Amino acid sequence: MPIKKTLRSLSTNEIIQQLKNDGLVLAVGPFVFCIKSSLSSIASNVQKIYGDFQLLSHDDLIDFYVAIKKPRGLRSFIKPQINFYCNDSSPFLPLPASQAFPLLEWGMNWCIAQHAHHYLLLHSAVLEKNGKSVILPAQSGSGKSTLCALLALNGWRLLSDEMALIDLKSNQLHALARPISLKNESINVILNQPCATILGEVVDDTTKGTISHLKPSTASVQQVAKTVAPFAIVFPKYQANQPINTKTTEKATAFMAVIENSFNYAILAEAGFNAVAQLIDNTQCHTLAYSSTEEVLAFFEELAS
Amino acid sequence: MHTSLLVKVLKSPKIIKSFNSKDWNLLLRQASSANMLARLAYTFNNHGLMNAVPDKILNHFNSDQVKVAHLHTQVNQEVQELNQLFNKLDIKAIYLKGTAYLLADLPLAQGRFFSDIDLLLNQSDIAKVEIALKCQGWKSQKTDDHDQAYYRDYMHEIPPMQHIIRGTVIDIHHNILPVCNNNIIDISLLSADALKLNVNTTHGNHSYVLAPAAMFLHSAIHLFHEGELEQGLRGLSDLDLLLSHFDESEANFSQQLIDLGTKINQQQSLFYAWRYLNRILNRELSNTAQAFVESYQPKITNLTTIDFIFTNLFTVHHSTTASWRFSLAAQLAYWRGHLLRMPLRLLIPHLLTKSWLQLSGLIKKDSVNINKVNALDPRFHQLDEDK
C-alpha cells in the first residue's frame, strides 16, 4: 500500500504558496476540500491544526472549493473584513479579518451540512472507544465541545466535534476528525488538562465569544476512514457543582431529540425517518447531567467497557 | 478562458465517458453554480450514462435530487391549500413555470429547482385573492411606497407575497409582460386553451396550467425579455426539454407555436428560442421551424448584437468561464432587459427614485445581503433552506 502523504510533508512556504495559488487539497474524512486563501492567519492555523491530514492534488476528485478572501476596495484598509466562498458564492455576511480561521471552519461545516444528503446529519459530537461509539447531540452551550475534547484527550477516538454522519445505506458512522471548536471558559479547562494539547490561534470577540480550535489527535486522523456502528446516544448537560446524574431516555423522547438536532431530517423525508428509527432501535439512549471531569470520564469508561 | 464544459455536456452527454478527475471537478463546479446538478443527473439517467459517473460525484447529484424532491413535496402541499382557496372564491387560477411543470407532470420538472409559486389570475380577481391570502398568513414582501406603486402601476404582477411561517413565496401575475410595455399581450389569447388540473375536490376545480404551445411561448417570452441571465442556461435547457416533450406529444407542434406566436405578436421570442436552441445546444429543428427561422425578419436593427449577448450569456456564470466578452454581454443584457420592460420615459424616473432612496438610506442599499446569514448562527442551515 502506498504511504499517504500528509500536510506535514510540506514546508511553511509550500503551504502558503498552495493556499495562495491553485489551492491546498486536503482529505477531510469522506470529503475532499480545496482551500484557497492568501491570509497568513489561515496558513499558520491550517499548518498547526491540519498537519496529520492527507494531502491530495488537483488530479483527485474534489467535493468543495472553499476560499477566505478580503473584499476589494477601500474597506480593506480601514477595518478589514473577510468573506467565505464555496464554489464562488458567499453564503455568509462578512466578518472581521481576525476571525478568518473560525470562519473557514464554520464554512467547511456549512458545505457538508448543505450538500451531503447521502448521510443523516446530526448536530453532535461523536467519539469511539473499544469499538463502541457515542453520539453526543446537544444545543450550543450545553458543554458538548468541552466534553468532546475531554474524552478525545482521554483515550477516545474523535470522529467529529460538530456533526455525526450516518450513512443512509449501511447505518454506519463516518468520521471527519476535524478540529474541536472550544469557547470561552472551556479553552482554559482544556489547557489545564495534564496531557499535551495543541490549540490554534485564540480569537476574541466573535458572536460566540472567545474561540480556539483544538488539534485532533494524530491517531484519530489516521483512523478517519474507519467506520463504526452507533452504540449509544448521550444527551449531555453541564450543571455547575452538581453530582453526576444519568437517566435512560425513553426511545420516543430520544427520537424527537435526535430530529431536533438533525441538519437534514426534513429534506431526507422517508429516508430520514427510517434512518432515525434504525438509529434509535440500535442504540442505548441516556441523558447526562454532570460537573466533575472525573465522574463524567468514569461514566463513559464504563459505557465503553 | 475555459469554454463552458457544462454546455458541451448538455450538447453531447456521452462525452463524460472519457472524463478524467479534472473534468469532473470542473463540471461539478459549473453545474452547481448554474443550479443544474439534479438536471444533469436526470439527463445522464435518460442517456443510460449513470455508470460513467464516479461515486463521489454521484453523491452530489443524489444530494441535489433529494433537495429537489423535498421542494416538490413542499410545493404540492402549498398548491393543495391554494386550490381550496380558489375553489372557495370561485376564481380560475393558472399555475405558471416551475409549479406548472411539476403539476402537469412534465419530464423537465424532474431535477428542477424553483423559488416561487407563479400564478396567473384575471386582473379583476386579484384584490379578492390578495385579501384572502393575507387572512391565511401571506404578506407582501415589498413594503415601501415606491416599490408598491412600481409593481401596481407598471408591472404585470403584484409585489410577491411570502408566507410568514413557511417562507414560501407566491408571485401573482395578471399578464406575462409589464403592462407599461409597448407591446402588451392579449393574455386571453394565451390562456384560452388552459388545461384543467386533475385535482379531486368536492368544490369543483379551478386550477389550470397553460396549454402546450402557450406554455412553451411563455417560457420563451420570459427568457428573451430577461435582463439578468445568471440562470439563462437553465432557461434554455427548459425550452429544450419542453420542445422535446411537446414535439412528440402534440401534432404539428411547430405550426401551433407559429400560429399562437403570430396571434399574440411574439414571433420574435419564438425566433430567438429556436435560433439559440439550435446554436447553443445543437438542437435539431423541425422543417417547419427551420423554414420559419430562415425566413423570419427580426424587428431589430442589429441581430449581431443580440447574437453577441445570448451566445456569450447562455453559459455558466462562474470564475472558470469569466471573460471580457461575458461582462460586456451581461451589461448589454441588463440594459436591454430594462428597456424591454419599461419605456425610457418611465425607466429613467424609476431608476432615479431608486438611487435617491438608496442614497438617502431610506431603503437598504445592500439588498443582496438579505439572503445571507451570520456564519455563527447555529440555525444557519435552517435559515438557508428557507430561501
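Novice: Tell me about the overall build of chain A, and name the residues and values.
Specialist: Regarding its fold elements, chain A presents 11 helices and 17 strands. Taken along its principal axes, the extent of the C-alpha atoms in chain A is 55 × 40 × 40 Å. Counting all 305 residues of chain A, 46% fall into the buried class. Put simply, 71% of the contacts in chain A that link residues at least 6 apart link residues at least 24 apart.

Novice: Any chance you could break down the interface of chain A and chain B for me, citing the residues and the numbers?
Specialist: Note: interface size is frequently given as the accessible area lost on complex formation between the parts. Taken together, the contacts link 33 residues of chain A with 31 residues of chain B. Going through the elements one at a time, α4 (100–115) and α9 (265–268) of chain A are the ones with two or more residues in the side of chain A that touches chain B. In terms of residue count, the dominant contributor to the side of chain A that touches chain B is α4(A) (7 residues). Broken down by class, the residue content of the side of chain A that touches chain B amounts to 18 nonpolar, 10 polar and 5 charged.

Novice: Lay out the environment of Tyr42(B) in plain terms, naming residues and giving numbers.
Specialist: Residue and element names in this part refer to chain B. Along the polypeptide, Tyr42 turns up in helix α3 (residues 37–46). Sequence spacing of Tyr42 and Ile158 is 116 residues, and the spatial spacing of their C-alpha atoms is 34 Å. In this view, Tyr42 contacts Gln110 and Gly111; residues no more than four positions away in its chain are not counted.

Novice: Quick one: what's the story with the environment of His156(B), residue by residue and with numbers?
Specialist: By the secondary structure assignment, His156(B) is in the loop between α7 (145–154) and β4 (161–163). Distance from His156(B) to Arg39(B), taken between C-alpha atoms, is 29 Å for residues 117 residues apart in sequence.

Novice: Go over helix α1 (residues 12–20) of chain A, please, and point to the residues and values.
Specialist: Residue and element names in this part refer to chain A. Within α1, burial applies to Ile15, Ile16, Gln18 and Leu19. Around the axis of α1, the buried residues are gathered within 165 degrees of arc, so they sit on the same side. The inward-facing, buried residues of α1 abut β1 (24–28), β2 (31–37) and α2 (40–49).

Novice: How would you explain the domain arrangement of chain A if you had to name every residue and give the values?
Specialist: Residues and elements named next belong to chain A. In terms of domain boundaries, chain A breaks down into domain 1 (7–115) and domain 2 (119–304). With centres defined by C-alpha atoms, the gap from domain 1 to domain 2 works out at 25 Å. Tallying the contact residues gives 17 residues for domain 1 and 23 residues for domain 2. When contributions to the side of domain 1 that touches domain 2 are tallied by element, the ones reaching two or more residues are α2 and α4. Top contributing element to the side of domain 1 that touches domain 2 by residue count: α4, with 6 residues. When grouped by side-chain class, the residues that make up the side of domain 1 that touches domain 2 number 8 nonpolar, 6 polar and 3 charged.

Reading the values: the criteria
Residues numbered from 1 in each chain as written. Chains lettered and ligands numbered in written order. Predicted model: local features only at pLDDT ≥ 70, side-chain atom pairs only at ≥ 80, totals over all residues. Helix = DSSP H or I, 4+ residues; strand = E, 2+ residues; numbered from the N terminus. Buried ≥ 20, exposed ≤ 12 C-beta atoms within 10 Å, placed from the backbone. Contact = placed C-beta atoms within 7 Å. Nonpolar A, V, L, I, M, F, W, Y, C, P; charged D, E, K, R; others polar. Arc of directions from axis to C-beta. Domains from an automatic or database assignment.

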